[in-house]
Amino acid sequence: MGARSAVLSDGVVTLRAWEPNDAAAVFRACQDADIQRFLPVPRPYTEASARDFVAIRRADWDGDEERSFAITDARTGEVLGSIARHRRAAHRAEFGYWVAAQARGRGVATRALRLMADWSLAAGFIRLELFTHPDNHASGRVAERAGFTREGLRRAWNLDRDGNPEDAIFFVLVRGDPPG
Ligand SMILES: CC(C)(COP(=O)(O)OP(=O)(O)OC[C@H]1O[C@@H](n2cnc3c(N)ncnc32)[C@H](O)[C@@H]1OP(=O)(O)O)[C@@H](O)C(=O)NCCC(=O)NCCS
């Protein structure tokens, strides 16, 4: 892993690069029905899926396009979730995240997204975006609380596991927008 890996923290959550030992926590978290519904993760999600995920996301730090973090409890170090930034253009990045079911509803995803957004704006990105399934109201709230604004709905943006088109709601933060 490159020496460029970063650690971001607000004192409650700490984002750090994935470590091989995290695979067990990823395996447990990704059995969750909402993660399997709203993210294109393997199904069934096996221990090998988790090991592959950690290895690939850890290797992100060897290049410039992808930045992936484990979201951890700043006090205990427990792995609470995942957040990643994908460069889509020189000025534009997309985010993806999940939080383990037992850690939901206490602002973990919102904190992680705020940290990533601030870090990315400081790195020179101008447009930050993410998209959610229209039924994924919790993720939409995370985006809005982190300072993203609902931009609109893109029709047939994704295909589901059976090949059926799904709409996506885009949330966007452009440099200069009020802080979340
Ligand atoms: C979406 C997800 C990351 C949220 O994580 P989290 O740490 O619980 O999020 P937060 O606690 O920061 O915020 C959750 C917000 O959603 C709200 N919320 C939770 N469930 C909700 C629901 N069913 N409908 C509407 N709002 C909901 C919470 O009340 C909170 O908003 P509030 O503070 O205004 O009340 C988590 O539920 C998850 O991992 N889901 C499965 C994977 C996924 O959907 N990832 C995102 C793909 S775009």
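Whatever comes next refers back to the structure up there.
Quick caveat, the model's predicted, so the values are computed rather than measured. In every chain, residue numbers begin from 1 and rise along the written sequence. Reporting of local features is limited, given that this is a predicted model, to residues whose pLDDT is at least 70; pairs of side-chain atoms are given and counted only at 80 or more, and all residues count toward the totals for whole chains, interfaces and linings. Values reported for side chains reflect all heavy atoms of the structure, with hydrogen atoms and water molecules removed beforehand.

A.B. asks: What is the right way to read the site of the ligand from this model?
C.D. replies: Gly107, Thr110, Asn136, Arg141 and Arg145 are the nearest of the 23 residues found near the ligand. N or O atoms within 3.5 Å of each other form a polar contact, as long as, within protein, one can give a hydrogen and the other can take it, and as long as residues adjacent in sequence are counted only when both atoms are side-chain atoms. Between the ligand and Val99 there is a distance of 2.8 Å, counted from an oxygen atom to a backbone nitrogen or oxygen. At 3.3 Å, a backbone N or O of Arg106 approaches an oxygen atom of the ligand. Per-residue and other accessible areas were derived by the Shrake-Rupley procedure at a 1.4 Å probe size, with only the shown protein chains allowed to occlude residues. Relative to its free-state accessible area of 970 Å², the ligand is covered by the protein chains to the extent of 73%. Secondary structure follows DSSP: runs of H or I at least 4 residues long count as helices, runs of E at least 2 residues long count as strands, and numbering of each begins at the N terminus. Residue assignment for the shell around the ligand shows that the elements contributing at least two residues are α2 (33-38), β5 (92-99), α4 (108-122), β6 (127-132) and α5 (137-145). For the shell around the ligand, the element with the highest residue contribution is α5, accounting for six residues. In terms of residue class, the shell around the ligand is made up of eleven nonpolar, seven polar and five charged. Definition of nearness: a residue and a molecule or strand are near each other if at least one heavy atom of the residue lies within 4 Å of the molecule or strand. Under the scheme applied here, ten amino acids are nonpolar (Ala, Val, Leu, Ile, Met, Phe, Trp, Tyr, Cys and Pro), four are charged (Asp, Glu, Lys and Arg), and all others, including Gly, are polar.

A.B. asks: Before we go on, may I ask you to explain α5 in this structure?
C.D. replies: Residues that lie three or four places apart on an α-helix share one face, since the helix turns once every 3.6 residues. Among the residues making up α5, those that are buried are Ser139, Gly140, Val142 and Ala143. Buried residues along α5 cover an arc of 155 degrees about the axis, so they all sit on one side. Projecting away from the buried face of α5 at angles above 90 degrees are the exposed residues His137 and Ala138. To sort residues, take the accessible area from a 1.4 Å probe on protein chains only and compare it with the maximum for the residue type: under 20% means buried, over 50% means exposed, and anything in between is partly exposed. What the arc describes is the spread of directions from the helix axis to the C-beta atoms.

A.B. asks: I keep staring at the environment of Asp62 and nothing clicks. Help me out?
C.D. replies: Locating Asp62 in the fold gives a position in the loop between α3 (47-59) and β3 (66-73). For Asp62, a relative accessible area of 47% translates into the label partly exposed. Sequence separation between Asp62 and Asn158 is 96 residues; the distance between their C-alpha atoms is 29 Å.

A.B. asks: Would you mind showing me how to read the pattern of salt bridges here?
C.D. replies: Working definition: two side chains of opposite charge can pair if their charged atoms are close together. By convention in these notes, a salt bridge is any Lys or Arg side-chain nitrogen within 4 Å of a carboxyl oxygen on Asp or Glu. Applying the stated criterion to the full structure yields twelve salt bridges. Residue Arg104 pairs with Asp34 through a salt bridge whose shortest N-O separation is 3.8 Å. Residue Arg104 is located in the loop between β5 and α4, and its partner Asp34 is located in helix α2; the two are separated by 70 residues in the primary sequence. Its relative accessible area of 33% is what places Arg104 among the partly exposed residues. Relative accessible area serves as the criterion here: at 38%, Asp34 is assigned to the partly exposed category. Of the charged contacts, one joins Glu94 and Arg88 as a salt bridge, the two residues approaching to 3.1 Å between their closest N and O atoms. Bridged by salt links that share partners, the residues Arg92, Arg127, Glu129 and Glu151 form one connected network.

A.B. asks: Is there a simple way to think about the packing of aromatic side chains in this case?
C.D. replies: What describes a pair of aromatic rings is the distance from one ring centre to the other and the angle between the planes of the rings. The pairing test for Phe, Tyr and Trp rings, Trp by its six-membered ring, is centres within 6.5 Å, and the orientation test on the planes gives stacked under 30 degrees, edge-to-face over 60, and tilted for anything in between. A full pass over the atoms with the stated rule returns nine aromatic pairs. When the centroid spacing of 6.0 Å and the interplanar angle of 75 degrees are considered together, the rings of Phe131 and Trp157 count as edge-to-face. Of this pair, Phe131 sits in strand β6 while Trp157 sits in strand β7 (residues 149-159), and the two are 26 residues apart along the sequence. Each member of the aromatic cluster is reached from another via a ring pair, and the members are Trp18, Phe53 and Trp98. Over the aromatic face of Phe170 sits the side chain of Arg154, whose NZ or CZ is 4.6 Å from the ring centroid. Either the NZ atom of lysine or the CZ atom of arginine qualifies as a charge over a ring when it sits within 6 Å of the ring centre and within 35 degrees of the ring normal.

A.B. asks: Honestly, the packing of α4 against α5 in this entry has me stumped. Any pointers?
C.D. replies: Helix-helix packing: each pair is described by the crossing angle between the helix axes and the interaxial distance. Think of each axis as a best-fit line through the C-alpha atoms, taken over the contacting stretch in the case of a helix, with angles from 0 to 180 degrees between the N-to-C directions. Two elements in contact, α4 and α5, have axes separated by 9 Å at closest approach and are oriented at 45 degrees. Regarding the angle of α4 to α5, the classification is oblique. Two packed elements cross with a definite hand, and for α4 against α5 that hand is right-handed. Facing α4, whose interface residues are Ala109, Thr110, Leu113 and Arg114, α5 presents Val142, Ala143 and Arg145. For the contact of α4 with α5, the residue count by class is four nonpolar, one polar and two charged. What sets the label is the angle itself: under 35 degrees gives roughly parallel, over 145 gives roughly antiparallel, 65 to 115 gives roughly perpendicular, and the rest give oblique. By definition, any crossing whose near helix is turned counterclockwise from its far helix by less than a right angle is left-handed, and any crossing with a clockwise turn is right-handed. In what follows, a contact means two residues having at least one pair of non-hydrogen atoms within 4.5 Å.

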